[in-house]
Amino acid sequence: MKKYIITALLSLAALYGTAQTTEIDRLFQSYTGRSEYTIMEFSGALLQMMTGGKEGGGDFSGVNAFRMLSTDKSDSVLEEGMIAAATGDGFTVLMNLSDGEDNFRIMFKPRNDSRDSRPGYLMIARDEELTLMVYLEGDVDFRNISKLSKLRDRLGANR
């Protein structure tokens, strides 16, 4: 009898674990290990430290994770996949800017009452030289988004 109970619990745990995988998670997984694509992921705690925290003017305490997927080429298939994944996960468009082949989109998903709700902020950009997705998972205070430039400066991306 114990075997059946343990097997049932393990099955439920596996089912629960797969139910938590989002379209964005699957998108990141599908590009992992591809040589032309860069994936950067780190915890919200590291983001908080890198931006100086509340004392440094960049409070990202509600953010659980920072994720970025990019390639140094214009990839419309990737861009379409990013938009489809975000839309499938319940993100809505806050802003869309298109200028010829260049596209810039900001999307947002608020927290809802569902147990598996993963709110977040998403930026998708594509021009002739790159395709990029930046995803902040968690409760994002939009007043702090501009503080991400501190992160860019600390990583040396402004050079």
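For the structure itself, consult the block above.
Within any chain, residue numbers begin from 1 and follow the written order of that chain's sequence. At least 70 in pLDDT is required for a residue's local features to be given in this predicted model, at least 80 for side-chain atom pairs to be given and counted, and no such filter applies to totals for whole chains, interfaces and linings, which use all residues. Hydrogens and water are ignored here; the side-chain numbers use all heavy atoms of the structure.

(A) Up close: the pairing of strand E2 (residues 63-71). Type-normalised accessible area, obtained with a 1.4 Å probe on protein chains alone, sets the label of each residue: buried when under 20%, exposed when over 50%, and partly exposed for intermediate values. A helix here means a DSSP run of H or I that spans at least four residues, while a strand means a run of E at least two residues long, and both kinds are numbered starting from the N terminus. Burial within E2 is extensive, with eight of its nine residues counted as buried. Pairing between two strands is assigned when DSSP locates at least 2 bridges connecting them. For strand E1 (residues 37-43) and E2, the ladder comprises seven bridges, and the chain directions are antiparallel. Note on E2: the bridge partner recorded for Phe42 is Phe66. As paired strands, E2 and strand E6 (residues 131-138) are joined by eight bridges and run antiparallel to one another. Note that in E6 the partner of Leu69 across the bridge is Met133.

(B) Up close: the environment of Ala125. Secondary-structure assignment places Ala125 in strand E5 (residues 120-126). Here Ala125 falls in the buried class, since its relative accessible area comes to 14%. Remark: the alpha-carbon pair of Ala125 and Asp102, spanning 23 residues in sequence, is separated by 7.6 Å.

(C) Focus on the environment of Asp141. Along the polypeptide, Asp141 turns up in the loop between E6 and helix H5 (148-155). A C-alpha to C-alpha distance of 9.0 Å links Asp141 and Val63, two positions 78 residues apart in sequence.

(D) How the structure looks around the side chain of Thr22. Mapping Thr22 onto the fold places it in the loop between helix H1 (2-19) and helix H2 (23-31). Note on contacts: a residue pair qualifies if any of its non-hydrogen atoms lie within 4.5 Å across the two residues. Residues within four places of Thr22 in sequence aside, it is in contact with Asp89 and Arg118.

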